[in-house]
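Here is what each chain is made of, one letter per residue.
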Amino acid sequence: MAEEIEQPAAFAFDAASEAEIARIIAKYPPGRQASAVIPVLYVAQAQMRRSSGSAWVPRAAMDAVAARLGMPPIRVYEVATFYLMFNTRPIGRHHLQVCTTTPCWLRGSDEVVAACREATGIRHWGETSADGMFTMTEVECLGACVNAPILQVDDDYYEDMDAERTRALLAALRRGERPPAGSMAGRQGSAPEGGPTTLLTPAQPGGAE
Amino acid sequence: MKVTVDGITVEVPPGSNVLQACEAAGKEIPRFCYHDRLSVAGNCRMCLVEIEKAPPKPISSCSYPAADGMVVHTDSKMVRAARRGVMEFLLINHPLDCPICDQGGECDLQDQAMGYGMDHSRYAENKRAVADKYLGPLIKTVMTRCIHCTRCIRFSAEIAGVPELGATSRGESMEVGPYVERALTSELSGNMIDICPVGALTSKPYAFVARPWELRKTDSIDVLDAVGANIRIDARGPEVLRILPRVNDDVNEEWLADKSRFALDGLKRRRLDGCWVRRDGRLVRSSWEEAFGAIAARLHGLRGDRIGAVAGNLADCESMLALRDLMASLGSANLDCRQDGSVADVSRRDFYTFNTTIAGIEEADAVLLIGTNPRHEAPLVNARIRKRWMALAGRLPVFGIGPAADLTYHVTWLGDSPRALAALADPGQAATQALRAAKRPMLILGAGALARADGAAVLAAAWQVAAENGLLTPDWHGFNVLHHAAARVGALDLRFLPGPRGKPLAGMLEGGVDLLWLLGADEFDMARIGAGTFVVYQGHHGDRGAARADVILPGAAYTEKNGTYVNTEGRVQRGYFAVYPPGQAREDWKILRAFSEHIDRRLPYDAIGAVRARMEQLNPVFARPDVSPRFGASDLTAPQGDAAALTGAPFVLPFTTYYQTDPISRASPTMAECVATVGRTALAVAAE
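Residues numbered from 1 in each chain as written. Chains lettered and ligands numbered in written order. Predicted model: local features only at pLDDT ≥ 70, side-chain atom pairs only at ≥ 80, totals over all residues.

**Examining the overall build of chain B**
Turning to step 1, where the next piece is worked out: What chain B contains, in helices and strands, is 20 helices and 28 strands.
Turning to step 2, where the next piece is worked out: The C-alpha atoms of chain B give a radius of gyration of 27 Å, which matches the 26 Å a tight globule of 688 residues would have.
Turning to step 3, where the next piece is worked out: In terms of principal-axis extent, the alpha carbons of chain B reach across some 90 × 65 × 50 Å.
Turning to step 4, where the next piece is worked out: Taking all 688 residues of chain B together, the buried fraction comes to 54%. (Helix = DSSP H or I, 4+ residues; strand = E, 2+ residues; numbered from the N terminus. Rg over C-alpha atoms; globule rule 2.2 N^0.38 Å. Buried ≥ 20, exposed ≤ 12 C-beta atoms within 10 Å, placed from the backbone.)

Written as structure tokens, this is what we have:
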């Protein structure tokens, strides 16, 4: 429960968050602001990342979201604790979310997990590394199976991972770099590795191949 | 619509679900999450049935709309197998702790496991354990027993209007609770104990006290507010152990307010169990003979106009009648039942009752509250207003005049003094327009608004607002007085009021009478009684009145006597004897009857039937218990009072706390704890 961890006493949206919230709420009809609870919780979590370096939603932030959207706090607690994308306890600077669902697992997610453990010293899911740099979570299908296995770092997908690429990625993150997201095997999107295999010649007008 | 259930064809109204159709056919459908006064959740899956020409699978009957010509099977092979499967899953994580569970013997899960449970478990893994939650001094939680039916969550959000419970986390980790643990701020929280189908929420004060089969059950009427909620008193031996609501859709539906439910430990404390007579400034125990003798000695030679009587807020009609007759025999017209000094015009009954009726609130389409906080003065009336507000999806216009408070629905506060009432005469006001636009507008005038110097003016002005804005029509009576004293309407019906040249309470104080008989009257400042006035206190609790008394006659509390009570609607209801009063204490009308004989002015009744016959003779309303006929307003003549004499003094509510308002709840440790926890939270919330 929320009581187990140290909670900040107060939370107030900063100017950047307020601008974002205004934009989000405008999408919904008047009186239906509660529909914005998930995106506004994301805004709160992002603000925590900016201000404290840890992307999580403290209880005070949930209360602020509730007050902002005119809904009972418990309804916000329910949403925030239901969705695993919201961290209800502090996490490290980077959130390593390893997909271990069947496609990623068949394509070697075990290797990625092992490399993460080795590079960060984290032993169990949900743990934060001793240096506070990383928190590692096991997640279910991220919906990018065609580029499996996936390692989601914060909001970015790093695809086609293997042990070596994982080590390199974590080393770069440690150095404060942010390698471009996407396929680490050099694929464009989810196009075949090594270039296209179909539609190699321009189509002839009026004819088949 | 015709629906056939197990070969029985029944007619059900459109909008019914399959479960209701099955009930109409007399088939019992097991359920945990479905509750007919809550929204449908459909998550327990226990109410599965088979429906022909529907998808060939078990269908949850509570969430499936009934249709014309539908054929339902509630006892087929598939249904039984499906329910057994659901029960097996429910029991996976439910502890086998029935022997130490307070729900044992009245547990839906226990009962239905008898029908659908297996004789052994196939589940070998560890059961889930869930940390218990703190919900305040009234509700004990054992959350490992929770089966996630979400009834309590829906009750708190829908009926109580304090959305403080929810289901947090997901899947295996899902927990029902408040997340941030603090006492619930509802006056109706005890009902969650009733609707919890398992032993997750049980009564904290009643924990490990008794098993349901040990209890003697007596139907009765609650007297801790003027709603007259129908209750069941559960007693074992000489002790009342529990009070539960009885279903009466016209009054309390199936709910009960927390004070009415939990103040019962006050019935065992500070009780007057013997007679006391003041000798040399100190109260000493005495016999009935001595006590009667002391009163008779003081009465000797007193003129009738030097004798007075005041009826308290919990008095039954029989005892008030006996006291009134006794006073008449002594030649006294100094009678009053209004300890708060409020005004009452008893020339017509609709000047002092809740004419719309409580059930009638569900037809109202605009509400004006005047000088009242129904959430504290009558939580069940407040729940009805909220029910109507919910039914209209929050579009019921509610206006309030008086101190602003959170009433669990949206209220537009127009001001806190009678000036706002006078301002309603202006047809340009938004509130006036809303009342005029409504087809069935009603106003609720708090009894506290009449207990003012300009009370008569408030009464007349409120009536004027009603008459001018279409609240009074031949088929709708929208003028309502909301009392908070259970005895008040009965006392007004019996005219327990100053007779010709009689003095009201204020006139009896400061030495206005030489002998003052208090029938359970504790709610006025005893210091105002003249030093030379001889005070007889007849009642059941050693409260303010008994402290001032010269003679104490021990009476019976409402659980200890057969009594008639008239609720704020004017509904005559009977409470029944559940346990004997302690020690020397006796039923109150019998005490008065015995005393009358002692002074040779024998009252002409020896049995309660004769007392009631005399009540009927005095006022025919007593001949028709349990009904409260709806009527329109045919006569628009205003009650006495000059509406122009309104002052600008703000309305003051009769209570500062909901939980301790009478001798019983003031003696209750549970209520004291509520004041310390819930009451404080609620006041803080109201102040925001």
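What follows picks up the thread again.
**Here we look at the overall build of chain A**
Turning to step 1, where the next piece is worked out: Helix and strand content of chain A: 7 helices and 5 strands.
Turning to step 2, where the next piece is worked out: Written out in order from the N terminus, the α and β elements of chain A read α-α-α-α-β-α-α-β-β-β-α-β.
Turning to step 3, where the next piece is worked out: Taking all 209 residues of chain A together, 33% fall into the buried category.

**Some remarks on the sheet that holds strand 12 (residues 239–245) of chain B**
Residues and elements named next belong to chain B.
Turning to step 1, where the next piece is worked out: Read across the sheet, 3 strands follow the order 10-11-12 without closing on themselves; strand pairing throughout is antiparallel. Whereas interior strands pair on both sides, the edge strands pair on one side only; in this sheet they are strand 10 (216–221) and strand 12. Taking each pair of neighbouring strands and ignoring which way they run, the sheet shows an average axis angle of 30°.
Turning to step 2, where the next piece is worked out: Sheet topology places strand 10 next to strand 11 (residues 230–236); 6 bridges connect them, and they run antiparallel. Across the sheet, Ile221 pairs through a bridge with Asn230, a residue of strand 11. (Pairing = 2+ DSSP bridges. Axes fitted to C-alpha atoms, helices over the stretch in contact; angles between N-to-C directions.)

**Section: the packing of helix 1 (residues 15–25) of chain A against helix 2 (residues 37–52) of chain A**
All names here are of chain A.
Turning to step 1, where the next piece is worked out: At a minimum axis separation of 10 Å, helix 1 and helix 2 run at an interaxial angle of 170°. Considered as vectors, helix 1 and helix 2 are oriented roughly antiparallel to each other. Taken together, the residues of helix 2 that come into contact with helix 1 (itself represented by Ser17, Glu20, Ile21 and Ile24) are Pro39, Val40, Val43 and Gln47. (Parallel < 35°, antiparallel > 145°, perpendicular 65-115°, else oblique. Contact = placed C-beta atoms within 7 Å.)

**With respect to the environment of B:Asp454**
Residue and element names in this part refer to chain B.
Turning to step 1, where the next piece is worked out: Within the secondary structure, Asp454 sits in the loop between strand 20 (441–446) and helix 13 (455–468).
Turning to step 2, where the next piece is worked out: The spacing of Asp454 and Phe651 is 197 residues in sequence and 11 Å in space, taken between C-alpha atoms.
Turning to step 3, where the next piece is worked out: Setting aside chain neighbours within four positions, we find Asp454 in contact with Pro418, Ala645, Leu646 and Thr647.

**Re the domain arrangement of chain A**
Turning to step 1, where the next piece is worked out: Looking at chain A, the domain boundaries give domain 1 (15–82) and domain 2 (94–183).
Turning to step 2, where the next piece is worked out: Taken over C-alpha atoms, the centre of domain 1 of chain A sits 27 Å from the centre of domain 2 of chain A. (Domains from an automatic or database assignment.)

**Concerning unusual backbone geometry**
Turning to step 1, where the next piece is worked out: Across the junction of A:Ala148 and A:Pro149, the peptide omega takes the value -5°, indicating a cis bond.
Turning to step 2, where the next piece is worked out: Structurally, A:Pro149 is set in the loop between strand 2 (134–139) and strand 3 (151–153).
Turning to step 3, where the next piece is worked out: Positive phi is not limited to glycine here, since A:Asp160 has a value of about 50°.
Turning to step 4, where the next piece is worked out: You can see A:Asp160 is positioned in the loop between strand 4 (156–159) and helix 7 (163–174).
Turning to step 5, where the next piece is worked out: Even without glycine at this site, B:Asp6 takes up a positive phi of about 50°.

**Overview of the sheet that holds strand 3 of chain A**
Strands belonging to one sheet form pairs held by backbone hydrogen bonds; the direction of such a pair is parallel or antiparallel.
Residue and element names in this part refer to chain A.
Turning to step 1, where the next piece is worked out: On the basis of which strands lie adjacent, the open sheet formed by 5 strands has the order 2-1-3-4-5 and mixed pairing. Two strands bound the open sheet, and with one partner strand each, they are strand 2 and strand 5 (182–183).
Turning to step 2, where the next piece is worked out: Here strand 3 runs beside strand 4; their pairing, made up of 3 bridges, is antiparallel. Note that in strand 4 the partner of Gln152 across the bridge is Tyr157.
Turning to step 3, where the next piece is worked out: Across the face of the sheet, helix 6 (residues 109–120) comes into contact with strand 1 (94–99), strand 2 and strand 3 while running at roughly 155° to strand 1.

**As for helix 6 of chain A**
Owing to its 3.6 residues per turn, the α-helix aligns residues three or four sequence positions apart on the same side.
Residue and element names in this part refer to chain A.
Turning to step 1, where the next piece is worked out: Taking 1.5 Å per residue as the helical rise, helix 6 with its 12 residues ought to reach 16 Å, and the 16 Å between its terminal C-alpha atoms agrees with that figure.
Turning to step 2, where the next piece is worked out: All of the buried residues in helix 6 are Ser109, Val112, Val113, Ala115, Cys116, Ala119 and Thr120. On an axial view of helix 6, the arc spanned by its buried residues comes to 165°, and they lie on one face.
Turning to step 3, where the next piece is worked out: Where helix 6 is buried, its residues contact strand 1, helix 5 (102–106), strand 2, strand 3 and helix 7.
Turning to step 4, where the next piece is worked out: Just downstream of helix 6 lies Gly121, where phi reads positive at about 80°. (Expected span 1.5 Å × (residues − 1). Arc of directions from axis to C-beta.)

**Notes on the pairing of strand 2 (residues 8–11) of chain B**
All names here are of chain B.
Turning to step 1, where the next piece is worked out: In terms of strand pairing, strand 1 (residues 2–5) meets strand 2 through 4 bridges, oriented antiparallel. Bridge pairing in strand 2 places Val5 opposite Ile8.
Turning to step 2, where the next piece is worked out: Between strand 1 and strand 2, which pair antiparallel one after the other, the connecting turn spans 2 residues, and Asp6 there sits at a positive phi close to 50°.

**What to know about the environment of B:Val621**
All names here are of chain B.
Turning to step 1, where the next piece is worked out: The topology assignment puts Val621 in the loop between helix 18 (608–618) and helix 19 (663–666).
Turning to step 2, where the next piece is worked out: On the neighbour-count criterion, Val621 (22 C-beta atoms within 10 Å) is buried.
Turning to step 3, where the next piece is worked out: Considering only alpha carbons, one finds Val621 and Arg349, 272 residues apart in sequence, at a separation of 10.0 Å.
Turning to step 4, where the next piece is worked out: Residues in contact with Val621, not counting those within four places in the same chain, are Asp493, Gly570 and Val572.

**What about the interface of chain A and chain B?**
Turning to step 1, where the next piece is worked out: Counting residues at the interface gives 10 residues for chain A, matched by 12 residues for chain B.
Turning to step 2, where the next piece is worked out: For the side of chain A that touches chain B, the residue count by class is 6 nonpolar, 1 polar and 3 charged. (Nonpolar A, V, L, I, M, F, W, Y, C, P; charged D, E, K, R; others polar.)

**Here's the deal with the pairing of strand 14 (residues 282–286) of chain B**
All names here are of chain B.
Turning to step 1, where the next piece is worked out: Note that strand 13 (residues 275–279) and strand 14 share 5 bridges and pair antiparallel. Each residue of the ladder has a partner; that of Trp276, found in strand 14, is Arg285.
Turning to step 2, where the next piece is worked out: Between the end of strand 13 and the start of strand 14, which pair antiparallel, lie 2 residues, with Asp280 showing a positive phi angle near 55°.

**Digging into the confidence of the model for chain A**
Turning to step 1, where the next piece is worked out: Averaged over every residue, the pLDDT of chain A is 92; the share at 70 or more is 97%.
Turning to step 2, where the next piece is worked out: Taking the mean pLDDT of every element in chain A, the minimum, 93, falls on strand 5 of chain A and the maximum, 97, on helix 1 of chain A. (pLDDT = per-residue confidence, 0-100.)

**Some thoughts on the packing of helix 8 (residues 317–329) of chain B against helix 18 of chain B**
Geometrically, a packed helix pair is captured by the angle between its two axes and the distance between the axes.
All names here are of chain B.
Turning to step 1, where the next piece is worked out: Close contact between helix 8 and helix 18 brings their axes to 10 Å; oriented N to C, the two are set at 75°. Between helix 8 and helix 18, the angle is such that the two are roughly perpendicular. For the pair helix 8 and helix 18, contact is made by Cys317, Glu318, Leu321 and Ala322 and by Ile608, Val611, Arg614 and Met615, respectively.
Turning to step 2, where the next piece is worked out: Grouping the amino acids of the contact of helix 8 with helix 18 by side-chain chemistry returns 6 nonpolar, no polar and 2 charged.

**Quick word on the nonpolar core**
Turning to step 1, where the next piece is worked out: By size, the foremost hydrophobic cluster in this structure holds 232 residues, and its most contacted members are B:Ala311, B:Met320, B:Leu443 and B:Ala462.
Turning to step 2, where the next piece is worked out: Per element, the largest residue contribution to this core is 10 residues, and it comes from helix 13 of chain B.
Turning to step 3, where the next piece is worked out: A:Cys104, A:Val112, A:Cys116 and A:Leu170 belong to the second largest nonpolar core, which has 21 residues in total. (Core = buried A, V, L, I, M, F, W, Y, C linked by C-beta atoms within 7 Å.)

**Some details on the environment of B:Leu497**
All names here are of chain B.
Turning to step 1, where the next piece is worked out: Within the secondary structure layout, Leu497 lies in the loop between helix 14 (488–493) and helix 15 (505–508).
Turning to step 2, where the next piece is worked out: Residues Leu497 and Ala235, spaced 262 residues apart in sequence, show a C-alpha to C-alpha distance of 36 Å.
Turning to step 3, where the next piece is worked out: Leu497 has contacts with Leu335, Asp336, Cys337 and Val346, leaving out every residue within four places of it along the chain.

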